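Spelled out from the first residue to the last, the chains are:
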Amino acid sequence: MDLLKIQNLFTYPIKSTKGNKNSKILVTKNGFINDRNFAIIDKYNKIITAREKPELLKIEALVKKSELTIHLSTNSSTVDFSCFSKKPIKVSLFNEITKAKTIDNRINNLLSKYLNEECRLIKFLATENEINNKAFNDIAPIHLITTASLDDLNQKLKNPLTIHNFRPNIVISGCKAYEEETWKSIKIGTCEFEIISKTERCSMTTIDPYTLQKNKHQEPLRTLASYKKEDKSVNFGIYLTPTTIGTINYSDKIKIAK
């Protein structure tokens, strides 16, 4: 296991928007700091994802100290965290209800114009008493894939994919393809993570993050289903939840428990 290495660390400040590459990252109980701590909701308080609006994948969001800067195709706007309302609202993500803070700012008008529908920016509201403090992540706070598994999949595809189709937080090299599915826990430096489950893939993986076009042949889901389908799920990658917080770096040693 000494060959295991971190290849990439990504955060996605706003759910479904472009990822940011990090040289090191602070791990909190909610996952990577500033990862999916923001989202965009429609007029029904439902979180909008790139499944419905692939245009989100072109939005660049950057966090610096207590400010969020959003770069759209023709406009940019910066909002301070303190501008978000202290009175929370309930929002839904895949039928799961969670609490969030809203903001009354010009950014809402810019986002509405960009997405061509009425929408608002929201910020995750973490509470000490909540069992589920995974921000606006789908299942668990952190998603991991390995280069070996991606290489194996790409050998089966006519048009190879990049890691960006899968939107991971951690990319690791040095293991065999799909070996990560046998892990029970992983320690990176001083940070420890429990393996929650395999990652069930959805139509998001079929959207080209550069052209925003959906694959006409439903790839890579169709190919994955031919050899990675379990019950009704097509899996690729694993979900993690932090059990020990701290900071992880590219040079950190990685230990696996099976």
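Predicted model, so just to flag it, every value in this text is computed and none were measured.

> What should I look at first to understand the sheet that holds strand β5 (residues 38-42) in this one?
Pairing between the strands of a sheet comes from backbone hydrogen bonds, and it takes one of two forms, parallel or antiparallel. Across the sheet, which stays open at both edges, the 4 strands sit in the order β5-β11-β10-β9 with antiparallel pairing between neighbours. If you trace the sheet from one side to the other, it starts and ends with β5 and β9 (89-93), each paired once. For this sheet, the mean angle separating the axes of adjacent strands, direction not counted, is 55 degrees. As defined by bridge partners, strand β10 (residues 96-102) adjoins strand β11 (residues 119-124) across 3 bridges and the pair is classed as antiparallel.

> Sorry if this is basic, but what is going on with the environment of S112 here?
Along the chain, S112 falls in helix α1 (residues 106-115). For the pair S112 and K216, spaced 104 residues apart in the sequence, the C-alpha separation amounts to 28 Å.

> It is not clear to me how helix α2 (residues 147-156) should be interpreted in this structure. Could you clarify?
Residues lying three or four places apart along an α-helix face the same way, a consequence of the helix completing one turn every 3.6 residues. For α2, every residue scored as buried is listed here: A148, S149, L150, D152, L153 and N154. In this fold, the buried residues of α2 make contact with β12 (142-146), α3 (221-227) and β17 (233-244).

> What is the right way to read the pattern of salt bridges from this model?
In a structure, side chains of opposite charge can pair up when their charged atoms sit close to one another. Overall, the coordinates contain 9 salt bridges when judged by the stated rule. When the shortest N-O distance is used, the salt bridge between D35 and R36 registers 3.0 Å. The exposure class of D35 is buried, given its relative accessible area of 1%. Of the charged contacts in the structure, one is a salt bridge between E181 and K198, with a shortest N-O distance of 3.7 Å. In this pair, E181 sits in the loop between β13 (170-173) and β14 (185-188) while K198 sits in strand β15 (residues 191-200), placing the two residues 17 residues apart along the sequence.

> Looking at this structure, how should I read the pairing of strand β7 (residues 67-71)?
Both faces of the sheet carry side chains from a regular strand, because those side chains alternate between them. Note that strand β6 (residues 60-64) and β7 share 5 bridges and pair antiparallel. Counted as the bridge partner of V63 is L68 from β7. Where β6 folds back on β7, the antiparallel hairpin that results is connected by 2 residues, among which K65 adopts a positive phi of roughly 55 degrees. Across 5 bridges, β7 lies against strand β8 (residues 76-80) in antiparallel orientation.

> Just checking my understanding: could you explain the sheet that holds strand β18 (residues 246-249) for this structure?
Taken in spatial order, the 3 strands make up an open sheet running β4-β3-β18, and their pairing is antiparallel. Two strands bound the open sheet, and with one partner strand each, they are β4 (31-32) and β18. Here 2 bridges tie strand β3 (residues 24-28) to β4, and the two strands are oriented antiparallel to one another. For V27, the partnering residue across the bridge sits in β4 and is F32.

Criteria and thresholds
Residues numbered from 1 in each chain as written. Predicted model: local features only at pLDDT ≥ 70, side-chain atom pairs only at ≥ 80, totals over all residues. Heavy atoms only, no water. Pairing = 2+ DSSP bridges. Helix = DSSP H or I, 4+ residues; strand = E, 2+ residues; numbered from the N terminus. Axes fitted to C-alpha atoms, helices over the stretch in contact; angles between N-to-C directions. Buried < 20%, exposed > 50% of the residue type's maximum accessible area, 1.4 Å probe, protein only. Contact = heavy atoms within 4.5 Å. Salt bridge = Lys/Arg side-chain N within 4 Å of Asp/Glu carboxyl O.

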